[in-house]
Amino acid sequence: MSDERPVMPRGSVARTARLASLPLGAAGRATLGIGKRLSGQSADAVNAELQQRTAEQLFAVLGQLKGGAMKLGQTLSVFEAAVPEEMAAPYREALTKLQEAAPPMPVRTVHAVLAQQLGGTWRQRFREFDDAPAAAASIGQVHRATWRDGRDVAVKIQYPGAATALMSDLNQLARFARLFAAVFPGLDVKPLIAELKARVVEELDYGLEADAQRAFAAAYAGDAEISVPRVVASAPKVVVSEWIEGVPLSRIITSGSREERDRAGRLLATLHFSAPERARLLHADPHPGNFRILPDGRLGVIDFGAIARLPDGHPEPIGRLLNWALAGRAAEVLADLRAEGFVRPGFDVDPEAVLEYLRPLLEPVAGHRFHFTRAWMQEQAMRLGDPRTEANRLGRQLNLPPAYLLIHRVSMGSIGVLCQLDAAADWRAILEEWLPGFAD
């Protein structure tokens, strides 16, 4: 293996050039915008055109990359519902492709990684092994095979050189994170990239991923609604697990029936809120490529590279704060927000203003049925992201403590997927069952 050339860094020069083209393109568009304003076009018309051109280039470049750029693209894809509809439609297909598509490894590289990780006699572990990948993602690809005992299995193999390419891309993307604000209003990409970088080491260790999958599989063994395939074998760069067959969630998003959308949304929410209690883990990568709807109607979960360890379950203050906010207990809400570090030190915040800030976000659990839509997501994104709004001004006085960063990001991503699904359900009932403090 020492003579094997890394797969991902091989195109690093071209990848770097593509990434570098993003800020250069933005500078050119800004210059063009100034010229158009001087020629008499309205500022709103010019800004709309610049926004669309930025999005065009951004999605085009991310769609050609893997490594960190593709990882970020997959992460951002769950927020696609927040993109204004007049911009979103042409790029929805490109974002969906980011969730499951990537150029494959050469077959000789696949065999070399398997030999290194499973031993020189790795073929004896399988009755059959399909050299053509069944799926590919940011740091690895999946092959279908038959294990020696006859079980159909998925063999997840990490790209050689994944760590180098991943960090290189993320470092470059961090330099012009502000460009993403033109496409995803209200979303600060810098801390998102910082979090991805911090979690790279864990995601690259397939041994840790296999352990997380085993914990989820044990927690949901025999469950009537959620299915987690069992791990058959694992190594630091290879995971072999039972194959599950089902309809990709991305297909439910694009062409599912009303019943399929609502059921898929309810199952996703159930996984999100029940896992911290049942597995003491939070599935932290909610993009649709990680989920299947099985023939029996269960939600199949197939990727555990990104998880959060919650040994005490979901933090109780979150449920308690939601409960008090819905009850209109403004003083208690503000006091608890301060105690948990959600209010920046030294800021004098009005309790009623905080409630007004939170109420639209709590609408999905204020009653016993709510319909998540793209329009609702876009409205919230603009309300929180537009510097002219009172909500935006108040938001700048609030803080997101490090202990809640990942939980918040996963929650927002999951809501984004629910909006893509256009799903309606009794979300409050799910929180009452699984979120500590909410029903007290």
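None of these values were measured; they are calculated from a predicted model. (Residues numbered from 1 in each chain as written. Predicted model: local features only at pLDDT ≥ 70, side-chain atom pairs only at ≥ 80, totals over all residues. Heavy atoms only, no water.)

(A) Spatial organisation of the confidence of the model for the chain. When pLDDT is averaged along the chain, the result is 80; 72% of the residues meet or exceed 70. In this model, residues 1-11 is a region of pLDDT below 50 whose contacts with residues beyond four sequence positions or in other chains number 30 contacts. A low-confidence stretch, residues 22-40 stays under pLDDT 50, and its non-local contacts, those more than four residues away or across chains, total 26 contacts. (pLDDT = per-residue confidence, 0-100. Contact = heavy atoms within 4.5 Å.)

(B) Spatial organisation of the sheet that holds strand 7 (residues 247-248). Here four strands make up an open sheet; going across it, the order is 4-10-9-7 and the pairing mixed. The two strands at the open ends of the sheet, each matched to only one other strand, are strand 4 (226-227) and strand 7. Of the strands in this sheet, strand 4, strand 9 (291-293) and strand 10 (299-301) are in contact with helix 10 (residues 258-278), which crosses strand 10 at around 50°. (Pairing = 2+ DSSP bridges. Helix = DSSP H or I, 4+ residues; strand = E, 2+ residues; numbered from the N terminus. Axes fitted to C-alpha atoms, helices over the stretch in contact; angles between N-to-C directions.)

(C) The packing of aromatic side chains, seen in detail. Applying the stated criterion to the full structure yields 11 aromatic pairs. Each ring, one from Phe216 and one from Tyr220, has its centre 6.4 Å from the other, and the planes form 10°; the classification is stacked. Here Phe216 falls in the buried class, since its relative accessible area comes to 0%. Classification of Tyr220 as buried rests on a relative accessible area of 2%. Among the aromatic residues, those joined into a ring-pair cluster are Trp122, Phe126, Phe129 and Trp147. Note that Arg320 overlies the ring of Trp324, its terminal NZ or CZ placed 5.7 Å from the centroid. Here the basic side chain of Arg383 rests over the ring of Tyr357, its NZ or CZ set 5.8 Å away from the ring centre. (Phe/Tyr/Trp six-rings, centres within 6.5 Å; stacked < 30°, edge-to-face > 60°. Buried < 20%, exposed > 50% of the residue type's maximum accessible area, 1.4 Å probe, protein only. Lys NZ or Arg CZ within 6 Å of the ring centre and 35° of its normal.)

(D) Summary view of the side chain of Gln380. Looking at the element boundaries, Gln380 is found in helix 14 (residues 374-385). On the accessibility criterion, Gln380 (6% relative accessible area) is buried. Ignoring sequence-local partners within four residues, the contact set of Gln380 consists of Pro360 and Leu361.

(E) Region of interest: the side chain of Thr270. Within the fold, Thr270 resides in helix 10. Since its relative accessible area comes to 10%, Thr270 is described here as buried.

(F) Local environment of unusual backbone geometry. Positive phi, normally seen in glycine, also occurs at Arg280, with a value near 60°. Structurally, Arg280 is set in the loop between helix 10 and strand 8 (281-283). Judged by relative accessible area, which is 32%, Arg280 ranks as partly exposed. We note that Asp422 has phi near 60°; this positive angle belongs to a residue other than glycine.

(G) Broad picture of helix 8 (residues 206-219). When the terminal C-alpha atoms of helix 8 are compared, their 20 Å separation across 14 residues agrees well with the 20 Å that a helix rising 1.5 Å per residue should span. Along helix 8, the residues that are buried comprise Tyr206, Gly207, Glu209, Ala210, Ala212, Gln213, Phe216 and Ala217. Put simply, Asp205 is the residue that caps the front of helix 8, since its side-chain oxygen is 2.9 Å from the backbone nitrogen of Gly207. (Expected span 1.5 Å × (residues − 1). Polar contact = N/O pair within 3.5 Å; in protein donor to acceptor, adjacent residues only side chain to side chain.)

(H) Region of the structure containing the pattern of salt bridges. By the definition in use, this model includes 21 salt bridges. Measuring nitrogen to oxygen at the nearest pair gives 2.8 Å for the salt bridge that ties Arg266 to Glu225. Placement of Arg266 in helix 10 and of Glu225 in the loop between helix 8 and strand 4 is noted, with a sequence separation of 41 residues between them. Note on Glu225: relative accessible area 25%, which makes it partly exposed. (Salt bridge = Lys/Arg side-chain N within 4 Å of Asp/Glu carboxyl O.)

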